[in-house]
Protein chains: 2
Amino acid sequence: MPTSYSISGFPEWSPEQRIIEKRVIEKIEESFRLHGFINIETCGVESYESLIKKGDGKEIYRLSKEGSGEENLGLHFDLTLPLSRYVLERRGELVFPFRRYQIQKVWRGERPQNGRYREFYQADIDIVSQGELPSHFEYEVPMAMCDTLKSLSPLGLGSFSMHINNRKLSEGFYRALGIEEIEETLRRIDKIDKLGPEKTEEILREVVGEEKSRACIELAQIKEKDPLAFEEEIEKICARWNISKGGEEKSLMLEGIKDAELVLSALRRAGFEGACIDCSIARGLDYYTGCVYETFLDDNPLLGSICSGGRYERLIKTQKQSYPGVGMSIGVSRLLSYLFSKVGAGRISPAMVLVSVWNEEERWRSDEVAKILRGRKIACEVSPTSAKIGSQIKRADKLLIPYVWFVTSQGSEVKDIRSGEQSKADPLSWEPDPRYAADIIVRE
Amino acid sequence: MPTSYSISGFPEWSPEQRIIEKRVIEKIEESFRLHGFINIETCGVESYESLIKKGDGKEIYRLSKEGSGEENLGLHFDLTLPLSRYVLERRGELVFPFRRYQIQKVWRGERPQNGRYREFYQADIDIVSQGELPSHFEYEVPMAMCDTLKSLSPLGLGSFSMHINNRKLSEGFYRALGIEEIEETLRRIDKIDKLGPEKTEEILREVVGEEKSRACIELAQIKEKDPLAFEEEIEKICARWNISKGGEEKSLMLEGIKDAELVLSALRRAGFEGACIDCSIARGLDYYTGCVYETFLDDNPLLGSICSGGRYERLIKTQKQSYPGVGMSIGVSRLLSYLFSKVGAGRISPAMVLVSVWNEEERWRSDEVAKILRGRKIACEVSPTSAKIGSQIKRADKLLIPYVWFVTSQGSEVKDIRSGEQSKADPLSWEPDPRYAADIIVRE
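Here the structure is a predicted model, which is why all the values come from computation and not from measurement.

A.B. asks: Describe the overall build of chain A, naming the residues involved and giving the relevant values.
C.D. replies: A tally of helices and strands in chain A yields 13 helices and 21 strands. Projected onto the principal axes, the alpha-carbon positions of chain A cover approximately 95 × 60 × 45 Å. Counting only residues that meet the buried cut, chain A has 59% of its 444 residues in that class. Pairs at least 24 residues apart make up 68% of the contacts formed inside chain A by residues separated by at least 6 positions. Entry remark: accessible area of chain A is about 18,400 Å², with carbon and sulfur atoms responsible for 48%.

A.B. asks: Now, about the sheet that holds strand S4 (residues 45-47) of chain A: what can you tell me, with residues and values included?
C.D. replies: Here 6 strands make up an open sheet; going across it, the order is S4(A)-S6(A)-S5(A)-S5(B)-S6(B)-S4(B) and the pairing antiparallel. In this open sheet, the two strands that pair with only one neighbour each are S4 of chain A together with strand S4 (45-47) of chain B. Neighbour-to-neighbour, the strand axes of the sheet open up by a mean angle of 50 degrees, direction not taken into account. Sheet topology places strand S5 (residues 62-65) of chain B next to strand S6 (residues 69-75) of chain B; 3 bridges connect them, and they run antiparallel.

A.B. asks: Any details on the interface of chain B and chain A? Residues and values, ideally.
C.D. replies: Opposite the 90 residues of chain B that make contact, chain A presents 90 residues. Both sides together, the interface formed by chain B and chain A hides about 7,200 Å², and carbon and sulfur atoms give 52% of it. Interface area lost by chain B to chain A is led by B:Glu12, B:Leu34 and B:Glu41, which between them contribute 10%. Along the contact surface separating chain B from chain A lie 10 salt bridges. A:Glu12 serves as the salt-bridge partner of B:Arg85, at 2.8 Å between the closest nitrogen and oxygen. The interface formed by chain B and chain A contains 40 residue pairs in polar contact (both at pLDDT 80 or more). With 8 residues, the single largest contributor to the side of chain B that touches chain A is helix H1 (residues 15-34) of chain B. Classifying every residue of the side of chain B that touches chain A gives 40 nonpolar, 15 polar and 35 charged. Examined bridge by bridge, strand S5 (residues 62-65) of chain A and S5(B) share 3 bridges and lie antiparallel to one another. Along S5(B), the bridge assignment pairs A:Ser64 with B:Arg62.

Thresholds applied
- Residues numbered from 1 in each chain as written.
- Chains lettered and ligands numbered in written order.
- Predicted model: local features only at pLDDT ≥ 70, side-chain atom pairs only at ≥ 80, totals over all residues.
- Heavy atoms only, no water.
- Helix = DSSP H or I, 4+ residues; strand = E, 2+ residues; numbered from the N terminus.
- Buried < 20%, exposed > 50% of the residue type's maximum accessible area, 1.4 Å probe, protein only.
- Contact = heavy atoms within 4.5 Å.
- Areas by Shrake-Rupley, 256 points an atom, 1.4 Å probe, with all protein chains shown as cover.
- Pairing = 2+ DSSP bridges.
- Axes fitted to C-alpha atoms, helices over the stretch in contact; angles between N-to-C directions.
- Buried area = accessible area lost by both parts, 1.4 Å probe.
- Salt bridge = Lys/Arg side-chain N within 4 Å of Asp/Glu carboxyl O.
- Polar contact = N/O pair within 3.5 Å; in protein donor to acceptor, adjacent residues only side chain to side chain.
- Nonpolar A, V, L, I, M, F, W, Y, C, P; charged D, E, K, R; others polar.

Read these as spatial facts, not as claims about activity.
Set out below in structure tokens:
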């Protein structure tokens, strides 16, 4: 992957790669809009206090200025915290449930040696309610994301699997076992993907002891595509660990199971065969309270989750009112690092035509042709030089501009430099071949 | 103007305002592409050393992290410095002349009490050459910008005037007078717009003395739309200050005059009547070497220049090679503060249809209709509740969604909530009224 990191950790793309990035963002945005999400953009900074409350200080970029020193500002590291502030500030004017999308860069000062980006695009959708949030949103948001990821298949995105879990399920099970350190247990279980079950069981033992640690790992290993098979697995594990049917903990578990199954069946009904309930999905963030989601590429699971999120109850709140929500985020830059191997740019310049220049005295003729073409929404560039026609064509060739226009006082001709065909053309009526409009080429 | 500044100096728009911002950016981008400019995006940071070399330390945001302290990174304050780095890093792979556009946020820690934004969008085009840069680019870039600004007239942008000057003209004149402090003189002349001629003459006296100061102010007051009248004015001022015809300084002046006139006549030929040569345009930045440009709105000159730039010779260079360029930048956020008073959003949600829900058990029916509509690229939202139809319609009304869809097991009906018309509809073939596609309304 020809990635440039002139500033360590801050990726920057070539013009060709940027075409792909732009196209990916456009596709994502189109899908978000089809699902009725409203666009907002928040500023790049948040108060440093609010950032440090939710994030890791070692990864937060704080701002300072010569003369005034450290400011009470830092760069946002996600789009959830900004959403939370935005919703609270505008709660009097927004229409709830508020469906918003936001596609922006975020910054995290992670160690570049981990191969992580320090600046990257996220594409988020959230539905935020005032007061109650019905559980159908817990399938509507992942459904919108599945539709969105599917819409990227013409850009090379292969099949993917969305893994669903529910915090109530895990918490109910942990509590039924007598575990009280719910958050810490979730945080350690979240590492199972990287560490494997043995190592995770080991680090979990320090918190909950040997037996409970084994039970937690057993739960985390339940992964089913079929709701009935999933229920059977749950019955078995409850029997094995003596979790009674009646308890409060068990009913919390059952709520979680119901909500997770609702998502699973909605996704399967919509044809997303890759959907499954996966009890290892914990999500490190402490604000999730219901369903949680992670999404993996079938042909590149090691890339990690490309689209994650969950339901939160108390992340956005005033003293009097809470604003529960469900949100998911696509890691666009991470996705790109994968898509760059699947697709290439079929164009470099957006120009469809290079208008050649006969000599500098007659450059105005070429300018006039260009003006007419642009007025008809045909992108073009006037040749930078009036040097030999061969060298003018060479520029079109290098920039993958399909046509070269020849202007004389007697009229115009246009040459398709790929086929070599040349014919008379009137700038007022000429049309380029529509197949040249494509600026993305899927490899192999 | 309903602007929110929850973080002082960092503007953030309402969903309706964001629609306008997005549309403005799309229009600008479309025009840049029609002119054959290639898009790039650079990261938000630059090395602090390179920033401090070109900018004011008090306005540059430097980054720091807990534990590691101040980093050698700061937020970029324009898109020219990043371009310069990008071009040098990729000089082996780019095709020169390199025509690039870039639309991104930049950050400047200016005092918010000046009404300046600390975070704002710039939209830049530059043409960068390797070695020589022919002077026709000095009209091509401002011409592309005039076309771009004109393309914003459906969004409320009124007529504008592009003011052209040339550094060689000013420098030749100053040198002919015997002034050696060229940069300092230009920097002070640049203030004439804000301070007026008397006050500027005063502050200029400290540098060049009383007589030369008067001469400089006289030159700065030359402003002509007609090339012939302009040449006459220049002849007169040269005669008045005894500037001989033969000298080296005079020939520098003449070069500047020729290049400025080339731009003026190209813009006038293209129908931009507002173009003029204005010898007060100095541009504070020291890297300009040829034509310089500023653009003012005829109905709001106090907004200041909305689109500025110029030619630079030695801004981008290696030890062996220089990369001269011409570039201009639109201050998008400044423009927006003006456009918000001219246009409003005709939509809030991108949804064309709110699919109502009869009861929660039958929500799946509404989901299916929504799926079909989305597959046909008709944006829609499924009602968040199955409450009384009246309250569902109310949501559509608040979000300016034009249609409400009613789903029953017997079939669908759709209601245009503006006209009140209701009729049978098939999600596989129904089409919305095309006039509802407009999401911008021009006021008055």
